[in-house]
Structures are given as structure tokens and as C-alpha cells.
Amino acid sequence: MNILDYEEVQAFLNKLAQNGKITKQDNIGTSKYGLPIEHYTLGNGKREIVITGATHGAEIISTDFVLHLMNEMQKSNGIFKNVNLEDYTFHFVPMLNPEGYLITTSAVRQLIPRNMSREEAMEICRQYYLAYRQD
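Keep in mind the model is a prediction, meaning the values are calculated, not measured.

A.B. asks: How would you summarise the overall build of the protein if you had to cite specific residues and measurements?
C.D. replies: For the protein, the helix and strand inventory stands at 4 helices and 6 strands. The order of helices and strands in the protein, counted from the N terminus, is α-β-β-β-β-β-α-β-α-α. In terms of overall dimensions, the protein has a C-alpha envelope of 50 × 35 × 30 Å along the principal axes. Counting the 135 residues in the protein, one finds 35% classified as buried. Of all intrachain contacts in the protein linking residues separated by at least 6 positions in sequence, the fraction that spans at least 24 positions is 73%. Within the structure as shown, the protein displays about 8,700 Å² of accessible surface, and the carbon and sulfur contribution to it stands at 54%. In the protein, which carries 13 positive and 16 negative side-chain charges, the distance between the mean positions of the two groups comes to 5 Å.

A.B. asks: Describe in detail the nonpolar core, supporting the description with residues and values.
C.D. replies: Core analysis: the largest hydrophobic core is formed by 24 residues, its most contacted members being Val9, Met70, Phe92 and Tyr101. Those elements that place two or more of their residues in this core are helix 1 (6-17), strand 4 (40-43), helix 2 (60-75), strand 6 (88-93) and helix 3 (98-111). Take this core: its biggest share by element is 6 residues, from helix 2. Look past the residues within four positions of Tyr101 in its chain and what remains in contact with it is Leu4, Asp5, Tyr6, Val9, Ala54, Gly57, Ile60, Thr63 and Met95.

A.B. asks: So what's going on with the side chain of Gln10? Residues and values would help.
C.D. replies: By the element assignment, Gln10 lies in helix 1. On the basis of relative accessibility, which here comes to 15%, the residue Gln10 falls in the buried class. Apart from residues lying up to four places away in sequence, Gln10 is in contact with Glu38 and Met95.

A.B. asks: Tell me about the sheet that holds strand 1 (residues 23-24), and please be specific about residues and values.
C.D. replies: One open sheet holds the 4 strands; their spatial order is 1-4-6-5, and the pairing between them is mixed. The strands lining the two open edges of the sheet, one partner per strand, are strand 1 and strand 5 (47-52). Two elements, strand 1 and strand 4, share 2 bridges in a ladder whose sense is antiparallel. Bridging from a neighbouring strand, Thr23 pairs with Thr41 of strand 4.

A.B. asks: I'd like a description of the pairing of strand 5, backed by residues and values.
C.D. replies: Regular strands show a simple pattern: their side chains alternate between the two faces of the sheet. Looking at chain direction, strand 5 and strand 6 are connected through 6 bridges and run parallel. Looking at strand 6, one finds that Arg47 is bridged to Tyr88.

What counts, and at which threshold
- Residues numbered from 1 in each chain as written.
- Predicted model: local features only at pLDDT ≥ 70, side-chain atom pairs only at ≥ 80, totals over all residues.
- Heavy atoms only, no water.
- Helix = DSSP H or I, 4+ residues; strand = E, 2+ residues; numbered from the N terminus.
- Buried < 20%, exposed > 50% of the residue type's maximum accessible area, 1.4 Å probe, protein only.
- Contact = heavy atoms within 4.5 Å.
- Areas by Shrake-Rupley, 256 points an atom, 1.4 Å probe, with all protein chains shown as cover.
- Lys, Arg positive; Asp, Glu negative; His and termini not counted.
- Charge placed at Lys NZ, Arg CZ, Asp CG, Glu CD.
- Core = buried A, V, L, I, M, F, W, Y, C linked by side-chain atoms within 4.5 Å.
- Pairing = 2+ DSSP bridges.

The values are spatial; any link to function lies outside them.
See below:
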């Protein structure tokens, strides 16, 4: 998966929620500027597990992780095929800090536009890493 901006994350979440296994719940709140802090669940067991992403604005990889996890878990195969969803309820909050995610991915999108080749994007990332790895 490539770096997803805020709108792409919303589209991905909407698609996941349409399959019937992942359920969109009421938002757990709104951010300072009115963006929803969304909540999704999988399963209906008494044991509850909460998984969050984008606690800090620059942690965009954590949202990507939550999206991948949600997608893999809803398939009910692979490494998650033995997870009994009658025993567990998984709560997913992909973005605790939606403004931070929006700002960070907007800045990334300025450097790495959607139509840029993967090779070009990887070279920008490599150059950035080499320049700032001491930080």
C-alpha cells in the first residue's frame, strides 16, 4: 500500500465497513477542528481489545498498520482464521489525531504526488533518511 492521504483512508474505511464484518460505530468524538474520530469493531465477544493509530500527527505508519490489520482480520483466513470473534471484540480507532494525520499526509503529498512513480518516491525517502538519520 502507498502512503494514503486523509481522503484515501476514508474511502478505504468505507469499503471495509461495507463487507459486513467490520462495523462502523458511533464516532468516539471530534477533533478540535471538527474531524470525526472514527471507531470500528470486529467481533462480539466479552474480551475487548483496542487498537489505535495516528496518536501523534507524524505517525502515519500506524494508521496504515491499523488499516492492514482490519483488512486481514475481516478476511477470517491466514493467521487470523483461528481468532474466535465470539470471544473477542476488536475496537479499531484508525486516527486518534485526524488533524495531525491530515496535515502530515498533505505535506507528504506535496513532495510525493499521487502520480509519482514508486522508484522516484523511494529515492526521495532515501535522500531524506540519509540527510536526517542523525535526528
